[in-house]
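# Fold and geometry: a report
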Amino acid sequence: MASFLSGFSFISSGVLTVISACLAYGLWQVYRLLHFVYTTPLRVLPGPDAPSFFYGNLKEISAVENSALPDRWFKQYGTHFVDRDFMMTPRLWSLDPQVIHYVLAHHDLYTRPQDDINFIAETLGHHGAFVVQGERHKLYRKIMNPAFGPAQVRDLTEVFLQKAALLRDIWAIATSQSQSPVRVNVNRDLSKTTLDIIGVAGFGYDFHALDPEGKPNELNLAFQKFLSTTEPGSLRMYLGAFSPLVKMLPSKRRRDMKDSSSIICRIGSQLVTDKKKEIVQAVLEKQRTLERKDMRGRDLLTLLMKANMATDIPEIQKMSDAEVNSPYHHLAEIPSFLLAGHESTNTAVTWALYALCKHPEVQMKLREHLLAVETEMPSMDELSALPYLDMFVRETMRLYSPVTAVVREARKDDVIPLSKPATDRYGNEYREIRIAKGNMVVIPVSAMHRSKEVWGEDALEFKTERWLNPPEAISAIPGVWGHLLTFIGGPRACIGYRFSLVEMKALLFMLVREFEFEFAVPVDDIVINTLPFRMPSLRSAPEEGYQLPLLIKPYKAT
């Protein structure tokens, strides 16, 4: 009996030690959080009260359609205000172009939030361009830039048009079998199209997502399952940042992620092996080593592998063997681009069709403009030379930017200069904003694109012609394209913006020439969701997920 009690006492003591350690760790984390929240230098700035300690203002923002709440707060509090993220973490919002430029230019000081980096690393791998920082990121950009330059995108335009033509033909068959307009969820079909495009352009793999016979594709199914496991902004993800134990808890999401990752790795390994064989065979046929001048390839995967195999490129300018030869890296690096490019382009074209339905006169004018082109397979230069198409794309990207805001986290204490003085919540004037390590800064993409101070009193209206004589104030917006923040700016601006724009123009060219579009439901039934992308759904059928049902019919010239 004594021996039994002694053993019980030992176990209880060990358990108590573990419990005490966990409690101490938890209390320490709570203390650090509260100290950070209530001593931040941002506390002097005006801003809304947070209705929830856990969610701050997050649920409040997401509950208002079309990311409209920040617009109201800018009107109420001025050019700068502070709201609260999860667990009351302060976030600075600013419409000052100088503040935005400063944050984007100092990309090593203001990075993706660490929680987001951890989430991306967990879902896409630890070597991707979305995760790496500093000199490693500069190397990645240097290696990948040629794949997204004008010459490479020019070569890929044919792929864009071929896949767009396949979608056109699928819709044409559907409309030919009906005497009345056919209802189509354009968001779903465009998603399949852009997935096919980026599969071929990114790593030479055709997902066959548009396959009209509906044949299953293992990689396509695995990648769709992989995408469905992502939970940006979830309570579990945030709690995982405070306690690693949360991440260890079993869940269906983690099981699905593991299963899909296993399939991606297996097929990725075969893709890498096949690509290597192709490159080596080409080198043997040329009877010389691979050099910098050979750095051409129709897909990003080929380009990355060639760059690492070239003999005249210094080792310091190459990716490590683990980064280039890892199958998961390639189907994690390139899907990093796929996640950004596939969803953003699909979303942009979806809203472009929404705008055409909402403004039939614009639809008619754009169609006339596109039908004036003699060829059905225009080059990149011919697409870029269509002025009304370009203005329409710009206005779509302004008013319906796929991403409504971008968040950056300060890696150390800093001071951000302002373009003009402002007043804090106590009536004191300030000319700079003090930032503490860990503070968040929000780049308000949609709010900047809808600012009446920048765009004029008609900022909320869809006006293609505004781009004939755009306001001078937009020249201060530090975007990489079109004086817009759609693709952000600075050293970490979207590397694939040319790719996305030409792809979008190719899809619109092929579809708008062929079909007339109108809403299949009352426009008031369409909900504009904004997290993580600006996506449509139906108020009458929220359980059906994202969709934009339109009625389409073949265009017949009168």
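Our structure is the block above this text.
The paragraphs below set out a description of the structure included in this document.

Conventions and cut-offs
Residues numbered from 1 in each chain as written. Predicted model: local features only at pLDDT ≥ 70, side-chain atom pairs only at ≥ 80, totals over all residues. Heavy atoms only, no water. Buried < 20%, exposed > 50% of the residue type's maximum accessible area, 1.4 Å probe, protein only. Helix = DSSP H or I, 4+ residues; strand = E, 2+ residues; numbered from the N terminus. Arc of directions from axis to C-beta. Contact = heavy atoms within 4.5 Å. Expected span 1.5 Å × (residues − 1). Pairing = 2+ DSSP bridges. Axes fitted to C-alpha atoms, helices over the stretch in contact; angles between N-to-C directions. Phe/Tyr/Trp six-rings, centres within 6.5 Å; stacked < 30°, edge-to-face > 60°. Lys NZ or Arg CZ within 6 Å of the ring centre and 35° of its normal. Parallel < 35°, antiparallel > 145°, perpendicular 65-115°, else oblique. Left-handed = near helix turned anticlockwise from the far one by under 90°. Nonpolar A, V, L, I, M, F, W, Y, C, P; charged D, E, K, R; others polar. Salt bridge = Lys/Arg side-chain N within 4 Å of Asp/Glu carboxyl O.

Before going further, it helps to examine helix α3 (residues 69-77). Every buried residue belonging to α3 is among L69, P70, W73 and F74, and all of these are buried. Axial view of α3: buried residues confined to an arc of 140°, hence all on one face. Relative to its buried face, α3 has exposed residues pointing more than 90 degrees away, namely K75 and Q76. Among the structural elements, α2 (58-63), β1 (80-84), β2 (90-94) and α19 (445-449) are those in contact with the buried residues of α3. Within two residues after α3, G78 carries a phi angle of roughly 105°, on the positive side.

Owing to its 3.6 residues per turn, the α-helix aligns residues three or four sequence positions apart on the same side. Its 18 residues give helix α8 (residues 186-203) an end-to-end C-alpha distance of 25 Å, which sits within 8% of 26 Å, the value for a rise of 1.5 Å per residue. The buried fraction of α8 is high, at 15 of 18 residues. Once α8 ends, the next one or two residues include G204, with phi positive near 65°.

The next subject is the sheet that holds strand β8 (residues 440-443). Taken together, the five strands give an open sheet; going across it, the order is β1-β2-β8-β5-β3, and neighbouring strands pair in mixed fashion. Both edges of this open sheet fall to β1 and β3 (110-111), since each of them pairs with a single strand only. Here β1 pairs with β2 via five bridges, running antiparallel. Its bridge partner lying in β2, R84 is registered against P90. Across the sheet, α3 touches β1 and β2, and the angle it forms with β1 is around 130°. Along the sheet, helix α4 (residues 97-105) contacts β1, β2, β3, β5 (406-410) and β8; its crossing angle with β8, the most-contacted strand, is approximately 115°.

So, about the packing of aromatic side chains. Counted by the stated rule, this structure contains 22 aromatic pairs. Ring geometry for W73 and F81: centres 5.8 Å apart, planes at 75°, overall edge-to-face. Of the two residues examined, W73 and F81, each falls in the buried class. For the pair W351 and Y400, a centre-to-centre distance of 5.6 Å together with 5° between the ring planes defines the contact as stacked. Here Y400 lies in the loop between α18 (387-399) and β5 and W351 lies in helix α15 (residues 327-358), a separation of 49 residues in the sequence. Of the two residues examined, W351 and Y400, each falls in the buried class. Put simply, the rings of W351, Y354, F392, Y400, F462 and F519 touch in pairs and so form one group of aromatic residues. Here the guanidinium or amino end of K59 rests over the ring plane of Y55, the centre of that ring lying 4.3 Å away.

Attention now moves to the packing of α18 against helix α21 (residues 497-512). Between α18 and α21, the shortest axis-to-axis distance is 11 Å and the interhelical angle comes to 115°. Put simply, α18 runs roughly perpendicular to α21. In terms of crossing hand, the pair formed by α18 and α21 is right-handed. Taken together, the residues of α21 that come into contact with α18 (itself represented by L389, D390, F392, V393, T396 and M397) are L501, M504, K505 and L508. Per-class residue counts for the contact of α18 with α21 are seven nonpolar, one polar and two charged.

This brings us to the pattern of salt bridges. Scanning the entire structure with this criterion turns up 17 salt bridges. Here D381 makes a salt bridge to R154, at a shortest N to O gap of 3.3 Å. A residue pair is termed long-range when its members are at least 10 positions apart, and D381 in helix α17 (residues 380-384) and R154 in helix α7 (residues 150-176) qualify at 227 residues. Among the residues examined, D381 registers a relative accessible area of 42% and is labelled partly exposed. Looking at R154, the relative accessible area reads 37%, which means it is partly exposed. With a shortest N-O distance of 2.8 Å, K163 and D206 are connected by a salt bridge. Remark: D206 occurs in the loop between α8 and α9 (218-228) and K163 occurs in helix α7; sequence separation between them is 43 residues. Judged by its relative accessible area of 11%, K163 falls in the buried class. Given the relative accessible area of 24%, D206 is considered partly exposed.

All right, on to the pairing of strand β12 (residues 549-554) then. Relative to β12, strand β4 (residues 182-185) runs antiparallel, the two being bridged by four bridges. Bridge pairing in β12 places V182 opposite I552. Two strands pair when backbone bridges link them, and strand β9 (residues 515-519) and β12 are joined in this way by five bridges, in the antiparallel orientation. The residue of β12 that forms the bridge with F519 is L550.

Attention now moves to the sheet that holds β9. Hydrogen bonds along the backbone pair up the strands of a sheet, which may run parallel or antiparallel. Spatial ordering of the open sheet is given by β4-β12-β9, a layout of three strands whose pairing is antiparallel. Looking at the sheet topology across the chains shown, the edges are occupied by β4 and β9. The mean inter-strand angle of the sheet, taken between neighbouring strand axes irrespective of direction, is 40°.

The values are spatial; any link to function lies outside them.
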